[in-house]
Amino acid sequence: MLTNSDLVELTNFRRALHRRPEISGEEAETANTIVAALTPMSPSRIVTGLGGHGVAAVFDSGQDGPTVLFRAELDALPIEERNSSIEWLSEISSKSHVCGHDGHMTMLLALGRMISRKPVAKGRVILMFQPAEEDGSGAKAVVADPAFEDLEPDWAFAIHNQPGSPFGYVATRVGLMNCASLGLKITLSGKTAHAADPQDGVSPVLAVAKLIPALDALGHGDGGPRNNNFRLVTITHAKIGEPTFGISPGKAEVFATLRTATDASLESLEVAARDLAGSLAKEFGLRVSFEIHDHFAASINDAEAYAVAVEAMDAIGVPHGEESVPMRASEDFGVFGWNAKAAMLCLGPGEGYAALHNPDYDFPDDLIPIGSSIFERIARDLLGST
């Protein structure tokens, strides 16, 4: 149902989104652009401001039936784009769509065009453009928004592009798709002193020297996330004192990302990391404090939703399998599966394609008709056609 003109327009739209990236929590312009694109499709209603800048377009058949939600993400990344092969580079310094969310949004708009031209026979289709996926806060904010109560889905589906997989191949499975994770900021506080008399202060240097390898040792990647015992600790940042030669430092910060195969394991790993930092703080006479950032629940595919997606892909000839999933990376789509039958699908752009979050990544436009066709077939299978 997508014409050649549709594909040209959608490609241009995707590239326009690519030029104007906005990071988590700042997606106001992107949301307005999405609303403007949705309006000509005449959905039953458009809900804005969900969980921040979230937008939901509701296509209601007026007949009893399930509510099927399809999700895309509004936000980009705080990464400076470097890609000499494209003309639609980011116009915003140090921000870019190098995770493909511009493509995910465009696939959803393509689905909207198809549903608007041939409505479903029963129930509702909801196109959910979610804010703040990259920091793990967006989906939780959306489902906690009182306005979401009237949008609560029975089924939820999402597609994320996954470099490393063959073009057009979908990786998916029943059960874990994306790991649980959180960012733990550990602050060790002591007392500064003159560098000539470090004994007059309380330095965190030796504590940090012990803390970093000890945190690393808490994790192990054996077996990957298919193993429920999988745990990984990645040190992402460390700072001790100020960049000067005359002061013995009095403060240090260590950032660690904790990653596990289950939510329960993540809680256990966090406790172990806190206990470790607390013990070293006591040993060296320091104060310790903690902050949690980028907290993602594990994303779990429901067996029935998986079966619906597989049947749809088989019907339209999209190859699929379990290769390369579950992913170590986290995704907050799992939140929509807390009260709905949900499934995440990972769509391959090619095996030699640039990796996600790399400064030279760009979503391949040829995936737009594939992803939107999968979504449309799922919608038709569950809701029929007029």
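Residues numbered from 1 in each chain as written. Predicted model: local features only at pLDDT ≥ 70, side-chain atom pairs only at ≥ 80, totals over all residues. Heavy atoms only, no water.

A few points about the overall build of the protein
Point 1. Within the protein one finds eight helices and 16 strands.
Point 2. Whereas a compact globule of 386 residues would reach a radius of gyration of roughly 21 Å, the protein reaches 23 Å, a difference of no more than 12%.
Point 3. Across its three principal directions, the C-alpha atoms of the protein cover 80 × 45 × 40 Å.
Point 4. With 386 residues in all, the protein has 52% of them scored as buried.
Point 5. Split by element, the accessible area of the protein, about 15900 Å² in all, is 51% carbon and sulfur.
Point 6. Positive and negative side-chain charges in the protein, numbering 30 and 51 respectively, have mean positions lying 2 Å apart. (Helix = DSSP H or I, 4+ residues; strand = E, 2+ residues; numbered from the N terminus. Rg over C-alpha atoms; globule rule 2.2 N^0.38 Å. Buried < 20%, exposed > 50% of the residue type's maximum accessible area, 1.4 Å probe, protein only. Areas by Shrake-Rupley, 256 points an atom, 1.4 Å probe, with all protein chains shown as cover. Lys, Arg positive; Asp, Glu negative; His and termini not counted. Charge placed at Lys NZ, Arg CZ, Asp CG, Glu CD.)

Section: helix α6 (residues 263-283)
Point 1. Relative to the 30 Å expected for 21 residues at 1.5 Å per residue, α6 spans 31 Å between its end C-alpha atoms, a close match to the ideal helical length.
Point 2. Looking only at α6, the buried set comprises S265, L266, L269, E270, A273, A277, L280 and A281. For α6, the arc enclosing every buried residue in end-on projection is 145 degrees, short of the 170-degree limit, so these residues lie on one face. Exposed residues lying more than 90 degrees from the buried face of α6 are A264, E267, D275 and K282. (Expected span 1.5 Å × (residues − 1). Arc of directions from axis to C-beta.)

Overview of the pairing of strand β12 (residues 251-260)
Point 1. With eight of 10 residues buried, β12 lies mostly within the body of the structure.
Point 2. Pairing of strand β8 (residues 180-189) with β12 involves 10 bridges; the strand directions are antiparallel. Each bridged residue has a counterpart across the sheet, and for A180 the counterpart in β12 is T260.
Point 3. Pairing of strand β10 (residues 231-240) with β12 involves nine bridges; the strand directions are antiparallel. When the bridges of β12 are listed, K239 appears paired with E253. (Pairing = 2+ DSSP bridges.)

Thoughts on the environment of A156
Point 1. Examined against the element boundaries, A156 turns out to sit in strand β5 (residues 155-161).
Point 2. Look at A156 and you get buried, because its relative accessible area is 0%.
Point 3. In this structure, the C-alpha to C-alpha distance between A156 and M344, residues 188 residues apart in sequence, is 8.6 Å.
Point 4. In contact with A156, not counting residues within four places along its chain, are L69, F333, F336, A340, K341, A342 and A343. (Contact = heavy atoms within 4.5 Å.)

Re the layout of surface pockets
Point 1. Of the volumes computed, that of the largest pocket is approximately 870 Å³.
Point 2. Along its surface, the largest pocket is lined by 36 residues, and E134, R259, D294, F296 and H357 are the ones closest to its centre.
Point 3. If one sorts the elements of the lining of the largest pocket by residue count, β8 sits on top with five residues.
Point 4. Here the lining of the largest pocket is composed, by residue class, of 16 nonpolar, 12 polar and eight charged. (1 Å grid on protein atoms, 1.4 Å probe; cavity = no way out; pocket = protein on both sides within 12 Å on 5 of 7 lines; lining within 4 Å. Points joined across faces, edges and corners; volume = space filled by probe spheres on them. Nonpolar A, V, L, I, M, F, W, Y, C, P; charged D, E, K, R; others polar.)

Points about the packing of aromatic side chains
Point 1. In this structure the tally under the stated criterion is six aromatic pairs.
Point 2. Measuring from centroid to centroid gives 6.0 Å for F333 and F336, while their planes differ by 40 degrees, and the two rings are tilted. Neither F333 nor F336 differs from the other in exposure class; each is buried.
Point 3. What links up through ring pairs into an aromatic cluster is the set F70, W155, F157 and F375.
Point 4. Positioned over the ring face of W88 is R15, at 3.7 Å from the centre of the ring. (Phe/Tyr/Trp six-rings, centres within 6.5 Å; stacked < 30°, edge-to-face > 60°. Lys NZ or Arg CZ within 6 Å of the ring centre and 35° of its normal.)

As for the sheet that holds strand β3 (residues 67-73)
Point 1. Taken together, eight strands build an open sheet; the order of strands is β1-β2-β4-β3-β5-β16-β6-β15 and the sheet is mixed. If you trace the sheet from one side to the other, it starts and ends with β1 (45-50) and β15 (320-321), each paired once.
Point 2. Sheet topology places β1 next to strand β2 (residues 54-60); five bridges connect them, and they run antiparallel. By the bridge assignment for β2, I46 is matched with A57.
Point 3. Strand contacts of helix α7 (residues 303-316): β5, β6 (170-171), β15 and β16 (341-347), with the helix running at about 45 degrees to β16, the strand carrying the most contacts.
Point 4. Together, β3, β4 (124-130), β5, β6 and β16 form the strand contacts of helix α8 (residues 368-383), whose direction differs from that of β5 by roughly 170 degrees. (Axes fitted to C-alpha atoms, helices over the stretch in contact; angles between N-to-C directions.)

What to know about the sheet that holds β10
Point 1. Within the open sheet, the four strands sit side by side as β10-β12-β8-β13. Their pairing is antiparallel. The two strands at the open ends of the sheet, each matched to only one other strand, are β10 and β13 (287-296). Adjacent strand axes in the sheet meet at a mean angle of 20 degrees, parallel and antiparallel pairs treated alike.
Point 2. Across the sheet, helix α5 (residues 205-218) is in contact with β8, β10 and β12; its angle to β10 comes to roughly 160 degrees.

Some thoughts on the nonpolar core
In summary, soluble globular proteins display a tendency toward joint burial of nonpolar side chains.
Point 1. Membership of the largest hydrophobic core comes to 56 residues, with the highest contact counts inside it found for F70, F129 and F157.
Point 2. With residues up to four places along the chain from it excluded, the contact list for F157 reads V68, L69, F70, R71, A305, V308, A309, F333, A343, F375, I378 and L382.
Point 3. In terms of nonpolar packing, the next biggest core, distinct from the first, is built from 27 residues, L176, A180, A207 and V254 among them. (Core = buried A, V, L, I, M, F, W, Y, C linked by side-chain atoms within 4.5 Å.)

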